[in-house]
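# Structural description and commentary
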Amino acid sequence: MSLRILITGGAGFLGSNLCDRLLAEGHEVICMDNLFTGRKVNIEHLLQNPKFEFVRHDVVDPFKVEVDQIYNLACPASPPHYQYNAIKTIKTSVMGMINCLGLAKRLNARVFQASTSEVYGDPEVHPQTEDYWGHVNPIGIRSCYDEGKRCAETLCFDYHRQNGVYVRIVRIFNTYGPRMHPNDGRVVSNFIVQALKGEDITIYGDGNQTRSFCYVDDLIEGFVRLMNQDETTGPINIGNPGEFTMLELAENVIDLTGTSSEIVHEDLPADDPKQRKPDITLAKKYLNNWEPQVPLREGLEKTIEYFAQTLDIDR
Ligand code: NAD
Ligand code: UDP
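This section reports on the structure supplied with the text. (Residues numbered from 1 in each chain as written. Chains lettered and ligands numbered in written order. Predicted model: local features only at pLDDT ≥ 70, side-chain atom pairs only at ≥ 80, totals over all residues. Heavy atoms only, no water.)

Scanning the protein chain for helices and strands turns up nine helices and 13 strands. In terms of overall dimensions, the protein chain is globule-like: its C-alpha atoms have a radius of gyration of 19 Å, near the 20 Å expected for 315 residues. Overall, the C-alpha framework of the protein chain stretches about 55 × 45 × 40 Å when taken along its three principal axes. Counting every position in the protein chain, which comprises 315 residues, the buried fraction comes to 56%. Sequence-distant contacts, at least 24 apart, represent 81% of the contacts inside the protein chain between residues at least 6 apart. Carbon and sulfur atoms form 48% of the exposed surface of the protein chain, whose accessible area is close to 13,800 Å². The protein chain carries 31 positive and 44 negative side-chain charges, and their two centres are separated by 7 Å. (Helix = DSSP H or I, 4+ residues; strand = E, 2+ residues; numbered from the N terminus. Rg over C-alpha atoms; globule rule 2.2 N^0.38 Å. Buried < 20%, exposed > 50% of the residue type's maximum accessible area, 1.4 Å probe, protein only. Contact = heavy atoms within 4.5 Å. Areas by Shrake-Rupley, 256 points an atom, 1.4 Å probe, with all protein chains shown as cover. Lys, Arg positive; Asp, Glu negative; His and termini not counted. Charge placed at Lys NZ, Arg CZ, Asp CG, Glu CD.)

Structure, rendered in structure tokens:
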């Protein structure tokens, strides 16, 4: 069945990949974005598609559209971007969520919230399971993002309990791939761009902190399965359980690009989580045995290819 679907933050890294996927399935897609960190180039190839519509709008301001499903992705995701205007970030998460849920309530539509592993903060439980309540600093420089996303989850559950709104919540662990912003400051894009340009590779701290990196296609598959199943509201972790230190990530990028870049160490930012790895038992259980298919090196190769093309660097 062809549905009409709103994607907030649809011109961003994940949003534009989701637009592609839903259009390929034959749905109509309305992409709403204020282009803060998203880019028109991410959706340029879709502008002539009669089933695609771009609306430049800020989710903090109320909106009305007639749709069957809403994927709420609007929010800057990289620490330098979400810290650039912290008040705006928390407004985007909270007021954007209220606007999506209010619209869904009126339309009897289903809402999908892009939450984050950051709701676990600097976790004391490892790997992180969905029933862990987290270890989050409420007043630090990451709080505008972490607490905004935690409040958005609360709103989803309150609208669900109080008004019967259909909600689906995913907790996304670090995801990478084509259409990441080259200057967004996240570790995968930073290392690849630095390696391709022959610049120093900047490891913050000693590089022994860990993250788990999921390739974008695997994540989007999980999104669509979660939205369209009827057994759980979530929250469900989606990510790749492979766990790597930042030193290991840098070594992989150096090896795959063949760069002569050197590793340099810079100060570790405040409240930087020491470890992160999803427990994906629930995703497997509810999402038809979902698990990541793309190993880190294969995903890095595709991402390196993308950045080399975008930055016009011969390899
Ligand atoms: P991104 O920065 O590329 O995309 C976010 C999009 O939201 C951008 O297009 C931006 O312009 C738009 N946006 C921001 N504020 C807005 C506002 N007020 N009104 C309308 N549009 C607005 O980041 P991404 O990696 O694609 O992240 C998408 C979503 O997934 C975010 O909600 C993020 O918190 C969540 N997430 C991503 C990751 C990841 O690893 N990529 C991890 C956890 C959670
Ligand atoms: N990081 C790094 N060098 C960089 C950018 C990030 O060592 O150039 C580290 C950062 O300190 C963190 C990890 O890489 O420990 C992941 O950072 P990112 O900003 O990608 O995501 P998040 O911290 O939100 O997981």
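This brings us to the packing of aromatic side chains. The tally for this structure, following the rule as stated, stands at nine aromatic pairs. Centroid distance Tyr120 to Phe173: 6.2 Å. Interplanar angle 40°. Geometry classified as tilted. One end of the pair, Tyr120, is in the loop between strand S5 (110-116) and helix H4 (143-163); the other, Phe173, is in the loop between strand S6 (166-172) and strand S7 (175-176), and 53 residues separate them in sequence. Judged by relative accessible area, Tyr120 falls into the buried class, the value being 0%. (Phe/Tyr/Trp six-rings, centres within 6.5 Å; stacked < 30°, edge-to-face > 60°.)

The next subject is helix H3 (residues 86-107). Its 22 residues give H3 an end-to-end C-alpha distance of 31 Å, which sits within 8% of 32 Å, the value for a rise of 1.5 Å per residue. Looking at H3, one finds that the buried residues are Thr89, Thr92, Ser93, Gly96, Met97, Asn99, Cys100, Leu101, Leu103, Ala104 and Leu107. (Expected span 1.5 Å × (residues − 1).)

Let us now look at the packing of helix H5 (residues 187-197) against helix H7 (residues 246-257). Direction vectors running N to C along H5 and H7 enclose 35°, while the axes themselves pass 10 Å from each other. The hand of the H5/H7 crossing is right-handed. Here H5 contributes Val187, Val188, Phe191, Ile192, Ala195 and Leu196 to the contact with H7, which in turn contributes Met246, Leu249, Ala250, Val253 and Thr257. Class assignment of the residues belonging to the contact of H5 with H7 gives a composition of 10 nonpolar, one polar and no charged. (Axes fitted to C-alpha atoms, helices over the stretch in contact; angles between N-to-C directions. Left-handed = near helix turned anticlockwise from the far one by under 90°. Nonpolar A, V, L, I, M, F, W, Y, C, P; charged D, E, K, R; others polar.)

Here we come to the packing of helix H1 (residues 13-24) against helix H6 (residues 216-227). Contact geometry of H1 with H6 gives a least axis separation of 10 Å together with a crossing angle of 65°. For the pair H1 and H6, the sense of crossing is right-handed. In this structure, H1 contributes Phe13, Leu14, Asn17, Leu18, Arg21 and Leu22 to the contact, and H6 contributes Val216, Leu219, Ile220, Glu221, Phe223 and Val224. Among the residues making up the contact of H1 with H6, the classes are represented as nine nonpolar, one polar and two charged.

Following the sequence through the fold, Arg179 ends up in the loop between S7 and H5. Within the structure, Arg179 has its side chain in polar contact with the side chain of Ser16 (distance 3.3 Å). A distance of 2.8 Å separates polar atoms of two side chains, one belonging to Arg179 and the other to Asp20. Apart from the residues within four sequence positions on either side, Arg179 is in contact with Phe13, Ser16, Asn17, Asp20, Arg39, Asn42, His45 and Tyr306. (Polar contact = N/O pair within 3.5 Å; in protein donor to acceptor, adjacent residues only side chain to side chain.)

So, on to the site of ligand 2. Looking at ligand 2, there are 18 residues lining it, with Asn190, Thr202, Arg211, Asp272 and Arg276 nearest. Side-chain polar atom of Asn174 to an oxygen atom of ligand 2: 2.9 Å apart, as the coordinates give it. In the model, an oxygen atom of ligand 2 is placed 2.5 Å from a nitrogen or oxygen of the Asp272 side chain. Computed on the free molecule, ligand 2 has an accessible area of 520 Å², of which 95% lies beneath the protein chains in the complex. Elements that contribute at least two residues to the shell around ligand 2 include exactly H5 and strand S8 (201-204). In terms of residue class, the shell around ligand 2 is made up of seven nonpolar, five polar and six charged. (Near = heavy atom within 4 Å.)

Turning to the site of ligand 1, a few remarks are in order. By nearness alone, 30 residues border ligand 1, and Leu14, Asp33, Thr37, Tyr145 and Lys149 come closest of all. Note that an oxygen atom of ligand 1 is positioned 2.6 Å from one of the side-chain N or O atoms of Thr37. Contact between ligand 1 and Leu73: an oxygen atom at 2.9 Å from a main-chain N or O atom of the residue. When the free accessible area of ligand 1 is taken as 820 Å², the share hidden by the protein chains comes to 96%. In terms of residue count, the dominant contributor to the shell around ligand 1 is S5 (three residues).

A few words now on a negative patch on the surface. Together, Glu199, Asp200, Glu262, Glu266 and Asp267 make up a negatively charged patch on the protein surface. With respect to the helices and strands, the residue Glu199 is situated in the loop between H5 and S8. Glu199 gets classed as partly exposed once you look at its relative accessible area, which sits at 39%. (Patch = residues over 30% accessible without salt bridge, like charges linked within 9 Å, V, L, I, M, F, W, Y side chains within 5 Å. Salt bridge = Lys/Arg side-chain N within 4 Å of Asp/Glu carboxyl O.)

Formed by 61 residues in total, the largest nonpolar core has its most connected members in Leu18, Tyr71, Phe223 and Leu300. The element that contributes the greatest number of residues to this core is H6, accounting for seven residues. When sequence neighbours within four positions are dropped, the list of residues in contact with Phe223 reads Leu14, Leu18, Tyr71, Leu73, Phe112, Val170, Ile172 and Ile238. (Core = buried A, V, L, I, M, F, W, Y, C linked by side-chain atoms within 4.5 Å.)

Everything listed here is a matter of geometry and, on its own, says nothing about what the molecule does.
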